[in-house]
Amino acid sequence: MRKIIYAKFACILMVLLCAFTAMAQQREVTGVVTDQEGFTLPGVSVAVKGSTAQTATDAKGSFKISISGNGNILVFKFLGMQTQEVKVEAGKSKINVSLLNARRDLNEVVVVGYGTAKKRDVTGSVGSLKGSDLIKTPAASVDALLQGKVPGLQVLTTSGQPGSGSTIRIRGLGSRADANPLVVVDGLPLGDAGNLKQINPDDIESIDVLKDASSAAIYGSRGANGVILVTTKRGKTGQAHITLSTLTTVSTLGNKLDVFHDPVDAATIDNQARINAGIAPLFIGQVYGGTYYPSLAELRGIDPNKPKWAYNTDWAKLVYRNPVSQNYTLSADGGNDKTRYSISGNYYNEQGLAIQNGYKKYTGRVNLEQKLKPTVTLGTNLIVTSTQNYGQGLSVDRSIVFPAFNPDGTYFHIGSNDFGNPLQIANEVLNKSKTIDLLGTAYINWEIIKGLNLKTQLSYTHGNAVNDNYQPRDATSTGYLFQGYGDINNYNGDHLINENYLTYDRNIGKQHHINVVAGYTQETNTVRTSDLQGHGFVNDVLENENLKSATTQFISNGLTKTALQSFIGRANYTFLDRYLFTFTGRADGSSVFGENHKWAFFPSGAIAWRANEEAFIKNISQISELKIRASYGLTGNQGISPYQSLATLGSYKYFTDGGFQTGYGPPYYNDGSNTNSKVFNGLQNKSLKWETTRQLDIGLDLGLFNQRFTLTADYYYKHTTDLLRQNQVALSSGFSVIEVNDGTIDNRGVELAANAQIFQGNKFSWSVGGNFALNRNKVIAIGGGNQIEANGQDIEAIRAPLNYYINGQPANVFLGYKFDGIVQTAGGTNPVDGTAATVGDIKYLAGGPIAVGQGEYIIGNPNPKFYYGFNTSLKYGQFDLYAQFYGVSGNDIFNFQTFTPSAQLQAWTPDNHTNLYPSVNATRVYYASNWYVQKGTYLRLQNVNLGYTLKPNLIKGITNLRVYFSGTNLYTFTNFSPSFDPEVGENGQFGGNYRKPRQYSLGLNVSF
């Protein structure tokens, strides 16, 4: 009996000892979970692997969990982030974890127009950029964020002037009327890509680019050039955040200037150019036109009778500066189960490289969403933007021999007809503009039954712009001609849109899923303009503020109204989660077209096969995504001015019987070639209709190793017919042109995008990405039975148009003569104009196959063979580094600035029989030739960004703090002229532009 009692006592003792030991090993682990940017994450699941112990982070991202023993592994899971496992080392009680974004999560949502879709279910060609992609490159404009990021999206930024925009093309040039893609912000169609300037880049949540017909057909008559969908930030349920972003930027000249530095060189070249033209030289120590021109000896300081010339003006130093620009954004966002909000304000002040030139922008944004009932949600988006742009680009090509100012402080003029003093232009010429834009949307979303939603949205945009210009009588040639020239130009635009559409989304059993969208939209657009102009003022004191006092006054105004009605439909069907089908259609009725073709229908279809869901591939663990897709469809273009299909009249003022009378007749406009050249239009065309683009796309989406490597490849063919263009008519009709549908342009190409996560860990990660686009453009038919047609008017420097449409050739090819060196011996004639060939002149080869002039040749193609971008991103601890490159290859540039000062110093002379540069000649007539043509290939280090993110909760109340240094436009690898930037417009012409700055920025992002 006693033995039994002892045995029971021993057992109880053992149990108590084990329990005590277990309690002694049980301990708590605490920590904070953040994302890659350092923001705390509420609701993260934290579990002990192999155990039932589990918790979640609170509103501040903090967690507390009990573990027992050593060697435990904590598992952190959060939607949109990669699951992470962390081993708890012995004796460690605090663990902070930074979760990484999921590797192109196939369940991430992309915007597809009138709805959203999971990336895995997209059947069309859609390029997507998320907020985490956008913040890596600090930029003041959205178009700057897009360059080099999406294959097939070409962004041309040709000017560094503050507030200037970019030219954006998606899959090549496919229209002669309007080739700009449609921009849609938060479901509101804004118009072309120029409207991206209204959006603050810090406000963007995502950008989705619809490239093929299947994805863009839902926008029908405006989708032929592609669609850019911008989604701004929304509030999220959970902790409220206040974020402050600041960016201070210093700009410098990006390229070394090619100018004269020695006044002796400048005067020598000027004298030689006049002598070669048979004109007396100026720099011989004489007074001419009221200005004294020193001799070369005086400039060298070797004239025994005169002191050395005192002036060597550095115009670049006087005109350019190293300006400092500021960018501030303050935002607040948050929400609960019923209300979500996101509010922001932005102030941007960009100072230009040129003096007295700058751009200011103020932006306010409000996104509110309120759940009135479990099935009813009400929301509104509002963006207000105000801009001020002032000043202009200035030339530094002025003679360095002369000063900027007279001894009395007035501006120095080289003779009575000199109006090129850049300092006077900067300080006295008024050139400013102010704009106010309002973008407002209100919507209600009602879940009628489970899976069936009705959304009604009313959107309104208002734009107002005022441009002020005044040119004093002694500052510009225009001011001198009119004895003071003043102008006020006004613009007011109102755009009202109502959209109503039903969405039905439902799983049918386990094998079928359908998503159907059907709706109706209508919109009106009203534009009112006026221009008030005055010529001849008593003085320049009031500038353009008293146009009534002008000797001659001109008033013009205009009013245009357009309307568009549309029926939209889209059906998505998925079978077995691997076979996907999309059918889209839109019927548009537009007021701008003829009465015989007001309506058109734009259908499309797409199929996709998610092969990785097949049993024979599903077991291959290395393949995480394999989708093959194809689409075909029609999209349209209505990009012409209203009333082109109608017979219209214009009014005229003419002088007779001692006074001005008003007459009426066909309206006209100046074609830009000269002040007396007028084009008469207004001829009726009842059959005017849409441009139509038929597009085929075949694509592949591949993901390997759990999306650590991804590849997207597309082949497309775009066939655009019924081009909107002007066709010339017999002048005996009383008209010059009529708007018609005629002509065909093709674009075909290949696009590639690849991303690789080379290494990804909690402390160190490294990823690389890149994209490549190849497009081949061809004019199939110009229209009107023509084989060749100029695109543009005569250019004064070459006395002819330069860009042409030619059947069978790419759009905008250069037409001209061949350069055959420099004439070295006297004799012979110039084959272009029949004049005697002079030694030192350019030797032209004529007799080419193109029947223009004396027989011309295709001497250049401005369309690139391909363009590309690539980037690398590294993170080590709290440091991050990002670098982006962008390149263009194979295009030609017609450089009107070929004969720069450094080239003139190498010009042909009797002692220098070069075959590269002709002699300098003040009166020589130049013709288009491949002497001007240079290769435009370049690779640019677009941006480098180095940042440091403070560990969370080190400073009470601050949830995230990142400071970074960024460099933009750092270096360009190119064989183009080193003094100029090789990024030019799609016509390939370079005639000198506002120089693009190299920028160095210091930024701070802090969240509370």
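The name recorded for the chain in an unreviewed UniProt entry is TonB-linked outer membrane protein, SusC/RagA family, from Mucilaginibacter gossypiicola. According to the UniProt record, the Sequence similarities (unreviewed entry) comment for the chain reads "Belongs to the TonB-dependent receptor family." Check the Subcellular location (unreviewed entry) section of the UniProt entry for the chain; it says "Cell outer membrane".

Chemist: I'm lost on the overall build of the chain in this one. Help?
Modeler: Regarding its fold elements, the chain presents 11 helices and 55 strands. Rg of the C-alpha trace for the chain: 34 Å, near the compact-globule value of 30 Å for 1008 residues, within the 12% margin. Along the first, second and third principal axes, the C-alpha atoms of the chain reach 140 × 75 × 60 Å. The proportion of buried residues among the 1008 residues of the chain is 50%. Relative to all contacts within the chain whose residues are 6 or more apart in sequence, the contacts with residues 24 or more apart total 67%. When the accessible surface of the chain is summed, it comes to about 46,200 Å², and 57% of that surface belongs to carbon and sulfur atoms. Computing the positive centroid from 87 side-chain charges and the negative centroid from 77, the chain places the two 12 Å apart.

Chemist: Teacher, can you tell me more about helix 5 (residues 263–276) here?
Modeler: Each α-helix turn comprises 3.6 residues. Residues three or four places apart therefore point the same way. End to end, helix 5 covers 20 Å across 14 residues, agreeing with the expected 20 Å (1.5 Å per residue, within 8%). Taken residue by residue, helix 5 has P263, V264, A266, A267, I269, N271, A273 and R274 as its buried positions. Buried residues along helix 5 sit in contact with helix 6 (296–300) and helix 11 (901–904).

Chemist: Help me understand the domain arrangement of the chain in this model?
Modeler: One widely used convention gives an interface's size as the accessible area the parts lose upon coming together. Domain annotation for the chain reports domain 1 (2–98), domain 2 (109–245), domain 3 (263–311) and domain 4 (432–591). The straight-line distance from the C-alpha centre of domain 2 to that of domain 4 is 16 Å. Interface of domain 2 and domain 4: buried area, both sides summed, is about 1,900 Å²; carbon and sulfur atoms make up 51% of it. Our count for the domain 2 to domain 4 interface comes out at 2 salt bridges. A salt bridge links R222 to E523, with the nearest nitrogen and oxygen atoms 3.2 Å apart. For the interface between domain 2 and domain 4, the tally reads 10 residue pairs in polar contact (both at pLDDT 80 or more). No other element matches strand 14 (residues 188–191), which puts 3 residues into the side of domain 2 that touches domain 4. Here the side of domain 2 that touches domain 4 is built from residues that sort into 8 nonpolar, 8 polar and 4 charged.

Chemist: Looking at this model, I keep getting lost on the environment of I850. Mind explaining?
Modeler: Relative to the assigned elements, I850 resides in the loop between strand 46 (842–845) and strand 47 (857–860). I850 gets classed as buried once you look at its relative accessible area, which sits at 14%. Beyond its immediate chain neighbours, meaning those up to four positions away, I850 contacts I788, L815, G855, E856 and Y857.

Chemist: How do you make sense of the nonpolar core when you look at a structure like this?
Modeler: Most often, soluble globular proteins have nonpolar side chains that are buried together. Among the nonpolar cores identified, the biggest contains 57 residues, and I798, L802 and F894 are the most heavily contacted of them. Breaking this core down by element, the ones donating at least two residues are helix 5, helix 7 (315–319), helix 8 (422–428), strand 46 and strand 47. Tallying contributions element by element places helix 5 first for this core, with 5 residues. For L802, the residues in contact, after removing those within four places along its chain, are I795, V813, F814, L815, F894, F896, A928 and Q989. Counting 25 residues, the second largest nonpolar core, distinct from the first, contains L145, L146, V155 and V230.

Chemist: Just checking my understanding: could you explain the packing of aromatic side chains for this structure?
Modeler: In this description, an aromatic ring pair is defined by two values, namely the gap between the centres and the angle between the planes. Scanning the model with the defined rule gives 43 aromatic pairs in all. The aromatic ring of Y443 is capped on one face by K455, whose charged end is 4.6 Å from the ring centroid.

Chemist: I tried to follow the environment of F894 on my own but got confused; where do I start?
Modeler: Assignment of secondary structure puts F894 in strand 50 (residues 892–895). Sequence separation between F894 and W309 is 585 residues, and the spatial gap between their C-alpha atoms is 38 Å. Ignoring anything within four residues of it in the chain, the contact list for F894 reads I798, L802, F814, I859, A928, S929, Y932, V933, G988, Q989 and F990.

Chemist: Even after reading the chapter, I still don't get the pairing of strand 2 (residues 45–48), so can you show me in this structure?
Modeler: Consecutive side chains along a regular strand alternate between the two faces of the sheet. Neither face of strand 2 is exposed, since S45 and A47 on one face and V46 and V48 on the opposite face are all buried. Sheet topology places strand 2 next to strand 3 (residues 54–56); 3 bridges connect them, and they run antiparallel. Paired with V46 across the two strands is T55, which belongs to strand 3. Hairpin geometry of strand 2 and strand 3 is characterised by an intervening segment of 5 residues between the two adjacent antiparallel strands and by a positive phi of about 80° at G50.

Chemist: When you look at the side chain of T972 in this model, what are you seeing that I'm missing?
Modeler: Examined against the element boundaries, T972 turns out to sit in strand 53 (residues 960–974). A distance of 3.1 Å separates the side chain of T972 from the side chain of R940, its partner in a polar contact. Apart from the residues lying within four places of it in its own chain, the contact partners of T972 are Y938, L939, R940 and P982.

Chemist: Any chance you could explain the sheet that holds strand 43 (residues 803–806) here in plain terms?
Modeler: Each strand in a sheet pairs with another by means of backbone hydrogen bonds, the pair being arranged parallel or else antiparallel. Read across the sheet, 4 strands follow the order 42-43-44-47 without closing on themselves; strand pairing throughout is antiparallel. Each of the sheet's edge strands pairs with one partner strand only, and the pair in question is strand 42 (788–790) and strand 47. Averaged over all neighbouring strand pairs, the angle between strand axes comes to 50°, with direction disregarded. Sheet topology places strand 43 next to strand 44 (residues 813–816); 2 bridges connect them, and they run antiparallel. By the bridge assignment for strand 44, Y804 is matched with V813.

Chemist: Sorry, what's going on with empty space enclosed by the protein here?
Modeler: One water molecule sets the probe size; rolling that probe over the atoms shows where empty space is left. Under the counting rule described, the total for this entry stands at 5 cavities of 30 Å³ or more. Lining the largest cavity are 38 residues, with A140, S141, A144, T968 and Q999 positioned closest to its centre. Among the residues making up the lining of the largest cavity, the classes are represented as 8 nonpolar, 23 polar and 7 charged. In this model, the second largest cavity occupies a volume close to 310 Å³. Counting only elements with at least two residues in the lining of the second largest cavity, the list comes to strand 11 (153–156), strand 41 (764–781) and strand 48 (866–876). Considering only residue class, the lining of the second largest cavity consists of 12 nonpolar, 10 polar and 6 charged.

Conventions and cut-offs
Sequence order as written defines the numbering, with residues in each chain counted from 1. Totals for whole chains, interfaces and linings use every residue, but because this is a predicted model, local features are given only for residues with pLDDT of at least 70 and side-chain atom pairs only at 80 or more, for both listing and counting. Side-chain measures were taken over the full set of non-hydrogen atoms in the model, leaving aside hydrogen atoms and water. UniProt positions are given in the numbering used here, feature names are shortened, and annotations may be inferred rather than shown by experiment. Think of it this way: any DSSP run of H or I at least four residues long counts as a helix, any run of E at least two long counts as a strand, and we number them from the N terminus. When we talk radius of gyration, it's over C-alpha atoms, and the globule rule is simply 2.2 Å times the number of residues to the 0.38. Three exposure classes are used, based on accessible area relative to the maximum for each residue type with a 1.4 Å probe and protein chains only: buried under 20%, partly exposed in between, and exposed over 50%. Residue contacts are counted whenever heavy atoms from the two residues lie within 4.5 Å of one another. To be clear on the numbers: accessible area is Shrake-Rupley with a 1.4 Å probe, and residue cover counts the displayed protein chains and nothing else. This count recognises Lys and Arg as positive and Asp and Glu as negative, with His and chain-terminal groups excluded. In plain terms, the charge of a residue is placed at NZ if it is Lys, CZ if Arg, CG if Asp and CD if Glu. Residue count minus one, scaled by 1.5 Å, sets the expected span of a helix. For every domain, the bounds stem from an assignment made automatically or drawn from a database. Once two parts are joined, some of their accessible surface, as seen by a 1.4 Å probe, is lost; buried area is that loss totalled over both. The salt bridge criterion pairs a side-chain nitrogen of Lys or Arg with a carboxyl oxygen of Asp or Glu, the two atoms within 4 Å. Here a polar contact is recorded for every N or O atom pair within 3.5 Å, except that within protein the pair must consist of a potential hydrogen donor and a potential acceptor, and residues adjacent in sequence are included only if both atoms are side-chain atoms. Basically, the charged four are Asp, Glu, Lys and Arg, the nonpolar ten are Ala, Val, Leu, Ile, Met, Phe, Trp, Tyr, Cys and Pro, and anything else, Gly included, counts as polar. Definition of nonpolar core: a set of buried residues of the types Ala, Val, Leu, Ile, Met, Phe, Trp, Tyr and Cys, connected through side-chain atoms within 4.5 Å. Pairing of aromatic rings covers Phe, Tyr and Trp, the last counted by its six-membered ring, and requires centre-to-centre distances within 6.5 Å; plane angles under 30 degrees mean stacked, over 60 mean edge-to-face, and any other angle means tilted. Placement of a charge over a ring requires the Lys NZ or Arg CZ to be within 6 Å of the ring centre, with the centre-to-atom vector within 35 degrees of the ring normal. For two strands to be treated as a pair, DSSP must find no fewer than two bridges joining them. What counts as an axis is a line fitted to C-alpha atoms, over the stretch in contact for a helix, and the angles between N-to-C directions run from 0 to 180 degrees. The definitions used throughout rest on a 1 Å grid laid over the protein atoms alone, on which a cavity is an enclosed set of points accommodating a 1.4 Å probe that cannot get out and a pocket is an open set flanked by protein within 12 Å on both sides along at least five of seven lines; lining residues are those having an atom within 4 Å of a point. Grid points are joined across faces, edges and corners, and a volume is the space filled by probe spheres set on the points.

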